[in-house]
Amino acid sequence: MHSDSGSVRFLDGIRETWDRRFDGDEAWPVFVAILTDANETSAFMSENRFNGFVADLRAAGVMVHAVLWTSRARRTTASLVSTGLALNLVHNTGGRYVAIATATAYGQALRQLAADMTAHHTAVSKRYRVLYEAPDEPGTRISVSVLRPGLQVRLHGDRRLDP
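Everything numeric in this text was worked out from a predicted model, so none of it was measured.

Rules and cut-offs
Going along each chain's sequence as written, the residues are numbered from 1 onward. Predicted model: local features are reported for residues with pLDDT of at least 70 only, side-chain atom pairs are reported and counted for 80 or more only, and whole-chain, interface and lining totals are derived from all residues. Derived side-chain values reflect all non-hydrogen atoms in the structure, with water molecules and hydrogen atoms excluded from consideration. Strands here are runs of E lasting at least two residues and helices are runs of H or I lasting at least four, both read from the DSSP assignment and numbered beginning at the N terminus. Whether two residues touch is decided by their heavy atoms; if any such pair falls within 4.5 Å, the residues are in contact. Each accessible area is a Shrake-Rupley result for a 1.4 Å probe, and residues are judged covered by the shown protein chains and nothing else. Remark: nonpolar core denotes a set of buried residues (Ala, Val, Leu, Ile, Met, Phe, Trp, Tyr, Cys) joined through side-chain atoms within 4.5 Å. Relative accessibility decides the category of a residue: with a 1.4 Å probe and only protein chains considered, values under 20% of the type maximum give buried, values over 50% give exposed, and everything between is partly exposed. For two strands to count as paired, DSSP must find a minimum of two bridges between them. In this description, a line fitted to the C-alpha atoms serves as the axis of each element, helices being fitted only across the stretch in contact, and the angle between N-to-C directions of two axes falls anywhere from 0 to 180 degrees. To estimate how far a helix should extend, the number of its residues minus one is multiplied by 1.5 Å.

## As for the overall build of the protein chain
Then comes step 1: A count of helical and extended segments in the protein chain gives four helices and six strands.
Then comes step 2: Taking contacts inside the protein chain between residues at least 6 apart in sequence as the whole, the part at least 24 apart equals 83%.
Then comes step 3: A total accessible area of about 11,000 Å² is found for the protein chain, and carbon and sulfur atoms account for 51% of it.

## Looking at the nonpolar core
Then comes step 1: Within the largest apolar cluster, 22 residues are counted, with the highest numbers of intra-cluster contacts made by F10, W18, F31, L57 and L89.
Then comes step 2: If you list the elements that add at least two residues to this core, you get α1 (10-21), β3 (30-36), α2 (47-59), β5 (63-69) and α3 (77-93).
Then comes step 3: Look past the residues within four positions of L57 in its chain and what remains in contact with it is I14, W18, V62, L89 and T93.

## Focus on the sheet that holds strand β6 (residues 97-100)
Sheet strands associate in pairs through backbone hydrogen bonding, adopting either a parallel or an antiparallel arrangement.
Then comes step 1: Here three strands make up an open sheet; going across it, the order is β3-β5-β6 and the pairing parallel. The open sheet is flanked by β3 and β6, the only strands paired with a single partner. For this sheet, the mean angle separating the axes of adjacent strands, direction not counted, is 10°.
Then comes step 2: Bridge count for β3 against β5 is seven bridges, and the pairing is parallel. Paired with I34 across the strands is V67, a residue of β5.
Then comes step 3: In the packing of helix α4 (residues 106-124) onto the sheet, the strands contacted are β3, β5 and β6, and the crossing angle to β5 comes to about 165°.

## Notes on α1
Then comes step 1: Between its first and last C-alpha, α1 extends 16 Å over 12 residues, near the 16 Å set by a 1.5 Å rise per residue.
Then comes step 2: Listing the buried residues of α1 in full gives F10, L11, D12, G13, I14 and W18.

All quantities given are derived from atomic positions and should not be read as evidence of function.
Below, the structure is given as structure tokens:
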């Protein structure tokens with residue numbers, strides 16, 4: 001993330017990384033944003049553009065995690081906007097949000113997030129993703145079964161960290 005004059009360009013950083021680094025074929029794109037509650041100054045900012053961007057991330061299966069250092073001295077409307085944007089992205093993509101009060105807490109927060117992400121990856125790596133396009137007539141039923149002994153079928157709506 002680019003920081004300038006006590007501000008943060010959180011959305012610009014996420015969007016630019018998504019546009020330049022990912023091609024849309026990734027099985028499980030994950031972002032970990034490490035930020036402060038400084039004022040959000042992304043050029044990308046507008047409600048419609050943000051909502052469209054969030055919809056695109058969700059459609060691509062992106063998960064955004066945020067570790068945010070909050071400062072009592074920065075409790076301004078603009079700093080609350082950056083915190084709200086981080087919370088929004090995390091909530092809408094199924095990620096984890098961690099707020100810390102001291103910079104020295106980053107190490108522990110990141111170790112815990114890494115452990116949670118590892119456990120989550122282990123759990124979801126055993127899943128198959130089945131895409132089903134419903135026929136035009138409503139009410140059609142489908143069934144899924146597994147023939148191999150010891151396996152079971154469960155429905156998961158997404159890949160969120162918390163069940």
